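Observations on chain architecture
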Amino acid sequence: MEKMSRVTTALGGSVLTGRTMHCHLDAPANAISVCRDAAQVVVAGRSIFKIYAIEEEQFVEKLNLRVGRKPSLNLSCADVVWHQMDENLLATAATNGVVVTWNLGRPSRNKQDQLFTEHKRTVNKVCFHPTEAHVLLSGSQDGFMKCFDLRRKDSVSTFSGQSESVRDVQFSIRDYFTFASTFENGNVQLWDIRRPDRCERMFTAHNGPVFCCDWHPEDRGWLATGGRDKMVKVWDMTTHRAKEMHCVQTIASVARVKWRPECRHHLATCSMMVDHNIYVWDVRRPFVPAAMFEEHRDVTTGIAWRHPHDPSFLLSGSKDSSLCQHLFRDASQPVERANPEGLCYGLFGDLAFAAKESLVAAESGRKPYAGDRRHPIFFKRKLDPAEPFAGLASSALSVFEMEPGGGSMGWFVDTAERYALAGRPLAELCDHNAKVARELGRNQVAQTWTMLRIIYCSPGLVPSANLNHSMGKGSACGLPLMNSFNLKDMTPGLGSETRLDRSKGDTRSDTVLLDSSATLVTNEDNEETEGSDVPADYLLGDVEGEEDELYLLDPDHTHPEEPECVLPQEAFPLRHEIVDTPPGPEHLQDKADSPHVSGSEADTISLAPMDSSFSLLSVSHALYDSRLPPDFFSVLVRDMLHFYAEQGDVQMAVSVLIVLGDRVRKDIDEQTQEHWYTSYIDLLQRFRLWNVSNEVVKLSTSRAVSCLNQASTTLHVNCSHCKRPMSSRGWVCDRCHRCASMCAVCHHVVKGLFVWCQGCSHGGHLQHIMKWLEGSSHCPAGCGHLCEYS
Amino acid sequence: MRKGDCQGKTPIVMAEGENEVRWDGLCSRDSATRETALENIRQVVLRKAEGLRSVKETPSCPSDGLSNTASLDELNKLLVHLLMLSKRCPFKDVREKSEFILKSIQELGIRIPRPLGHGPSRFIPEKEILQVGSEDARMHTLFEESFAALGRLDNITLVMVFHPQYLESFLKTQHYLLQMDGPLPLHYRHYIGIMAAARHQCSYLVNLHVNDFLHVGGDPKWLNGLENAPQKLQNLGELNKVLAHRPWLITKEHIEVSDSFFEVEALMEKMRQLQECRDEEEASQEEMTSRFEMEKRESMFVFSSDDEEVTPARDVSRHFEDTSYGYKDFSRHGMHVPTFRVQDYCWEDHGYSLVNRLYPDVGQLIDEKFHIAYNLTYNTMAMHKDVDTSMLRRAIWNYIHCMFGIRYDDYDYGEINQLLDRSFKVYIKTVVCTPEKVTKRMYDSFWRQFKHSEKVHVNLLLVEARVQAELLYALRAITRYMT
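Parameters and conventions
Residues numbered from 1 in each chain as written. Chains lettered and ligands numbered in written order. Predicted model: local features only at pLDDT ≥ 70, side-chain atom pairs only at ≥ 80, totals over all residues. Heavy atoms only, no water. Helix = DSSP H or I, 4+ residues; strand = E, 2+ residues; numbered from the N terminus. Buried < 20%, exposed > 50% of the residue type's maximum accessible area, 1.4 Å probe, protein only. Contact = heavy atoms within 4.5 Å. Areas by Shrake-Rupley, 256 points an atom, 1.4 Å probe, with all protein chains shown as cover. Pairing = 2+ DSSP bridges. Axes fitted to C-alpha atoms, helices over the stretch in contact; angles between N-to-C directions. Phe/Tyr/Trp six-rings, centres within 6.5 Å; stacked < 30°, edge-to-face > 60°. Parallel < 35°, antiparallel > 145°, perpendicular 65-115°, else oblique. Left-handed = near helix turned anticlockwise from the far one by under 90°. Nonpolar A, V, L, I, M, F, W, Y, C, P; charged D, E, K, R; others polar. Expected span 1.5 Å × (residues − 1). Core = buried A, V, L, I, M, F, W, Y, C linked by side-chain atoms within 4.5 Å. Salt bridge = Lys/Arg side-chain N within 4 Å of Asp/Glu carboxyl O.

**Description of the overall build of chain B**
Looking only at helices and strands, chain B features 20 helices and 4 strands. Within chain B, the proportion of its 483 residues that are buried is 57%. Contacts in chain B between residues at least 24 apart in sequence constitute 73% of all its contacts with a sequence separation of at least 6. Approximately 20,200 Å² of chain B is accessible, and the part contributed by carbon and sulfur atoms is 52%.

Here you go:
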């Protein structure tokens, strides 16, 4: 082939050399084109038209083609192209619709050769015939393409696209007579240059304008197109209908596309908006660019491979007024940067792990994680068959399942579903929730609810008889109150840290802490007997005074197994007990701050504040007798909520917030509340507790949250016959004039609640379907599907 | 799944005391629902009327007089609404029943309101405008949609229905911007609408948005002036002003100022909206009953408007601080502002992508609207048929862009002078730059032989061209800010 041999001689045995470099232009570039000797590049723009020599180390300006005193619009270039056969021949497309040719061989300063003013609108693209010396093609905004013979003054033929503007025209490299044109309306047309009356073929390639196209240099009939819809598509035009071979999804509209020489599946793209980088894609791997050039600071407007047989040099011009030479070896490769392993933690504790197959294969011999001490071996490995990825990369996915029972989140789901948040008096809500918590074995939470009830419901509500009652009980089975505050019962996620600290204390020093926890463990059976009617007094002290009392209690408490010892004098020790356990936030802070301190130190620290708060306790106790307003506790409640939230039990924080409503809301700043709400709602939705989450949204008082379920309330319906969206009515299709949603039971149109099976998509009136499914488990439409209604 | 109810948002539900009237049922596409709603309304109205009558018959102490007037007011409000429904509801049954209710009230001896107006437009004689009830199927669908979404058929809709294709796209965009999910809360959007409309002293549009603003839960305090609105919105004030009158002065600094409080996205949405509202307004302003003394202006429809500013009506003025800021001729403007070249930044290539990136789907909607407005043609001109109007449309479009300093390299501006005569240019300029000053005489004096529908078509073109001009400037500023 003639062209091939020419090119080889052009390369002339000497291999191209150079480095990544750039030079500053005086003005933004609109397009660039390379001379066939690969040593010069022309840059054209609204107010620039220059030729640069590409040297080893730099670009050198060789010629300024923009001459004349007052540059006319003819020099405002939208596109430029250098003839691949003739080093002296260039053509530009002007924004005012003129096509200009330039002859560098002219002796005068002005190299302008011919002027074609046939287009009425901006010319978007010019293209020389790849092998014919005198044939030039142009495509314009006015919807016409014109073919010029440079030996004549006028166009030889005009092709009407019968549509809006032409965005690109490209001669086929392989087929002498063929060219492709792309249009603003998304169409691509294929023309025979000899037949201007109508196009050979037309198809819709993109949604919105097709900005560019490029014929594959080797594969006959492969055409790459890029559009505003951010896609690059590769079409096979050899078949009867243009077939989409590949599709690459980029992140911005595609302004230029150029096949990479010598690499069959590679092409370079740049965007005209927002994204400044140049990407080289392997079309078979459409999600990650093979290479990326990030030199430009504004959008890239023109790209060109420096030599048709050298894949490593790419030139580019940009709106940031610079011209760049990119070397492939200097490109950043997102694939390399991509994390080869992926890890994801499931909702119920499952763990998925994906990695390159080679990595996994190397390790497959040994049992994963088996040797790791820190992780208890409750993972079971389940190896999925590796999914080969387009022959390029393959990775293996392993899923580790949680053994049932280990650290499950069942309590969360149960709690969410069973809590009552509104609709009843506060006291009832608290009691109910306390009961729920207790049944789930979360005694601390239960106790908190009970305390809240006592704080916020007038003390008169608590019958004084209760006091004695529970006292009696207490004497029978040990220390009920203290017991129910048992740390051990805290949920693992909630208190593990605290617990660690405490147990440290336990083992190292036989002070109060040891005793208390021992007691707690022994008295588990009290949880059930201990009702929600805890005496007000105790609870009060409890909230108030942290764990100090324990200290006092201690001397009496050497044998926790014996309940008698624990209950010597009526009120006094009891108060102590209660005081101990709910780890108030401040106190927790202390602990968290000193987790690394040795046991004894930790003890002293935690003991230090006790004395002071003890005195505080007795004061508050006295105060309580004179009927403190609930406001008095708001600080404590606030701290308590913060404590739960910090511990990760945002469920508790939000539930209390909702139940108490205005009583505490003012004490907590809006943002924190919003944060809690959103985290809780997020959690609920992960667990698919849609109803609960919606209830929470509804009950929230924060604006940002309560508007969550006001959005996206529109339901779009498609007609079941013609599959078109039904715009006006919900039940009659405008297009096919049929009723779309018929009840499968009564065969009437459903205008209200429509329920349908997601398996077979039959459905109907809610009542009818409910009734039907009571009697039969098969679909009423007779399709044989076993429908399920829940 | 509840079908048909999703669209049931009515901005016209007002607090009616115990005897609450719910209008939203009327928007349902289900005739049975409408029937029930109407019946309910009838009963409420009758009860009120009876109550009033009995008060009248048994003259009581003067203190009762006060409450009497109050309830009379209330009743009148209802009756006015019914009157509106009887004329302007796409559903025949509602129209008939409303009329029936009015009649029966009249029989009770209570004065009922009568229509004052001259139809939806001040400039177009009522008989030229389509009567509700005589529309074709396509228009009817549009009416229904509009009514279902807004609970009313506003004047603009009735005028624009000359061009149903455009109206459809317009309503869709409007609905998406004002009612669908977006980065801004609903009341913000309406407030921005108020701000934008106020800049052109369009009381009609301001009132519409005020109603909607309150309906979606906006704080009435904000309506006392921009300084009562959150800082975010105050920051938009300046941008709003520039965008409305001299968009070519928008720089990336404007965007930065606003951006420190706004996500660029939200800002985008805002601007979109500004445009939208503006656009709505212009379409309306020209045809609308307007309170501004237009007659006075008539004599001086000179181009420059530097000194002679109308003092805007009070209720509107509070929405903008700087009333002296208006359109200034681009070319005469003292500062040198470089020409905006469409070939360097155009809607199709650049604007669209940016908008779609910032506010998904809106780019598509607006693009569609531009296309429809620009390409709309019936191949007729006055009495002639089969005319290619593309040249004329392009001349109008480019002339407007020219006024905003936007230049097309490939356009010969001599064409404009050949195609557009002076009176038409005056009209264009007034509508585009200072719509509050349009007069009936201006409207009548251009293109005398042309049909009203064609003049409306021209208005749509003007509106869209201006929207695009403003958008281009704003989007370019955003692009510069982002790079």
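That covers the picture; the talk isn't over yet.
**Notes on the overall build of chain A**
Across its full length, chain A holds 24 helices and 35 strands. Looking at the 790 residues of chain A, the share that counts as buried comes to 51%. The contacts of chain A with a sequence gap of at least 6 include a subset with a gap of at least 24, amounting to 52%. Of the roughly 36,700 Å² of accessible surface on chain A, 52% is carried by carbon and sulfur atoms.

**Points about the sheet that holds strand S20 (residues 231-236) of chain A**
Strands in a sheet are paired, the pairing made by backbone hydrogen bonds, and the direction either parallel or antiparallel. Residues and elements named next belong to chain A. Judged by pairing direction, the sheet is antiparallel, and its 4 strands sit side by side in the order S18-S19-S20-S21 without closing on themselves. The sheet terminates laterally at strand S18 (210-215) and strand S21 (243-249), the two strands that pair on one side only. Taken pair by pair, the neighbouring strands of this sheet meet at an average axis angle of 20 degrees, ignoring direction. With 5 bridges connecting them, strand S19 (residues 222-227) and S20 associate as antiparallel partners. Looking across to S20, one finds that Leu 223 is bridged to Trp 235.

**Describing the packing of aromatic side chains**
All chains considered together, the criterion is met by 30 aromatic pairs over all chains. Taken together, a centroid distance of 6.0 Å and an interplanar angle of 85 degrees make the contact between Trp 411 of chain A and Phe 412 of chain A edge-to-face. Take Trp 411 of chain A: its relative accessible area is 21%, and that puts it in the partly exposed class. A relative accessible area of 2% means that Phe 412 of chain A is categorised as buried. Both rings, one in Phe 213 of chain B and one in Trp 222 of chain B, keep their centres 5.7 Å apart while their planes meet at 40 degrees; by these two values the pair is tilted. As far as the burial class goes, Phe 213 of chain B and Trp 222 of chain B line up, both buried. Here a set of aromatic residues connected by ring pairs shows up, and it is made of Trp 347, Tyr 352, Phe 370, Tyr 374 and Trp 397 of chain B.

**Observations regarding the sheet that holds strand S12 (residues 144-149) of chain A**
Residue and element names in this part refer to chain A. Read across the open sheet, the 4 strands follow the order S10-S11-S12-S13; overall the sheet is antiparallel. Of all strands in the sheet, those with a lone pairing partner are strand S10 (123-128) and strand S13 (155-160), marking the two edges. Recorded for the sheet is a direction-independent mean angle of 20 degrees between the axes of neighbouring strands. The sheet contact formed by strand S11 (residues 135-140) and S12 spans 5 bridges and is antiparallel.

**Side note on the side chain of Ser 253 of chain A**
Residue placement: Ser 253 of chain A occurs in the loop between S21 and strand S22 (254-259). Ser 253 of chain A has contacts with Phe 211, Gly 227, Arg 228, Lys 230, Cys 270, Ser 271, Met 272 and Met 273 of chain A together with Ser 353 of chain B, leaving out every residue within four places of it along the chain.

**As for the environment of Val 169 of chain A**
Residues and elements named next belong to chain A. In this structure, Val 169 sits in strand S14 (residues 166-171). Look at Val 169 and you get buried, because its relative accessible area is 0%. Placed 21 residues apart in sequence, Val 169 and Leu 190 show a C-alpha to C-alpha distance of 9.7 Å. The contact partners of Val 169, leaving out residues within four places of it in the chain, are Lys 125, Cys 127, Leu 137, Ser 138, Gly 139, Met 145, Phe 179, Ala 180 and Ser 181.

**Quick notes on the packing of helix H6 (residues 443-456) of chain A against helix H18 (residues 634-647) of chain A**
A pair of packed helices can be characterised by two numbers: the angle between their axes and the separation between those axes. Residue and element names in this part refer to chain A. H18 packs onto H6 with a crossing angle of 160 degrees between their chain directions and a minimal axis gap of 12 Å. Our classification of the angle between H6 and H18 gives roughly antiparallel. As H6 runs across H18, the sense of the crossing is left-handed. Contact with H6, carried on its side by Gln 444, Val 445, Thr 448, Leu 452, Ile 455 and Tyr 456, involves Ser 634, Val 637, Met 640, Phe 643 and Tyr 644 of H18 and no other residues of that element. When its residues are assigned to classes, the contact of H6 with H18 shows 8 nonpolar, 3 polar and no charged.

**Concerning the pairing of S21 of chain A**
Residue and element names in this part refer to chain A. In terms of strand pairing, S20 meets S21 through 6 bridges, oriented antiparallel. Across the sheet, residue Trp 235 finds its bridge partner in S21, namely Glu 244. In this antiparallel pair of consecutive strands, S20 and S21, the connection spans 6 residues.

**Side note on unusual backbone geometry**
Residues and elements named next belong to chain A. Positive phi outside glycine occurs at Val 274, with the angle close to 70 degrees. By secondary structure assignment, the location of Val 274 is in the loop between strand S23 (266-271) and strand S24 (278-282). Even without being a glycine, Ser 321 presents a positive backbone phi close to 60 degrees. Within the secondary structure, Ser 321 sits in the loop between strand S27 (310-318) and strand S28 (322-327). Residue classification places Ser 321 among the buried positions, given a relative accessible area of 10%.

**What about helix H4 (residues 137-150) of chain B?**
Taking 1.5 Å of rise per residue, 14 residues should cover 20 Å, and H4 of chain B covers 20 Å from first to last C-alpha, within 8% of that figure. Of the positions making up H4 of chain B, those classed as buried are Met 139, Leu 142, Phe 143, Glu 144, Ser 146, Phe 147, Ala 148, Ala 149 and Leu 150 of chain B.

**Section: helix H5 (residues 426-439) of chain A**
Residue and element names in this part refer to chain A. The terminal C-alpha atoms of H5 lie 20 Å apart, and with 14 residues this matches the ideal 20 Å at 1.5 Å per residue to within 8%. Turning to H5, its buried residues number three or more, namely Leu 426, Ala 427, Leu 429, Cys 430, Asn 433, Ala 434, Val 436, Ala 437 and Arg 438. Gly 441 occupies a position one or two residues after H5 and carries a positive phi of about 75 degrees.

**Some details on the nonpolar core**
Counting 101 residues, the largest nonpolar core has Ile 396 and Ile 428 of chain B as its most contacted members. With sequence-adjacent residues up to four places away left out, Ile 396 of chain B is seen in contact with Leu 420, Phe 424, Ile 428, Trp 447, Leu 461 and Leu 462 of chain B. Among the nonpolar cores identified, the runner-up in size contains 50 residues, and Ala 420, Val 637, Tyr 680 and Ile 681 of chain A belong to it.

**Some thoughts on the pattern of salt bridges**
On inspection of all chains with the given rule, the structure shows 37 salt bridges over all chains. Close ionic contact of Glu 61 of chain A with Lys 50 of chain A constitutes a salt bridge, the shortest N to O distance being 3.3 Å. Highlighted residues: Glu 61 of chain A in strand S5 (residues 59-64) and Lys 50 of chain A in strand S4 (residues 48-54), separated in sequence by 11 residues. For Glu 464 of chain B, the salt bridge goes to Lys 369 of chain B, with nearest N and O atoms at 2.8 Å. Of this pair, Glu 464 of chain B sits in helix H20 (residues 452-482) while Lys 369 of chain B is found in helix H15 (residues 362-375), placing the two residues 95 residues apart along the sequence. Each member of the pair, Glu 464 of chain B together with Lys 369 of chain B, is buried. Each of Arg 46 of chain A together with Arg 341, Asp 344 and Asp 409 of chain B takes part in a single network of salt bridges with overlapping partners.

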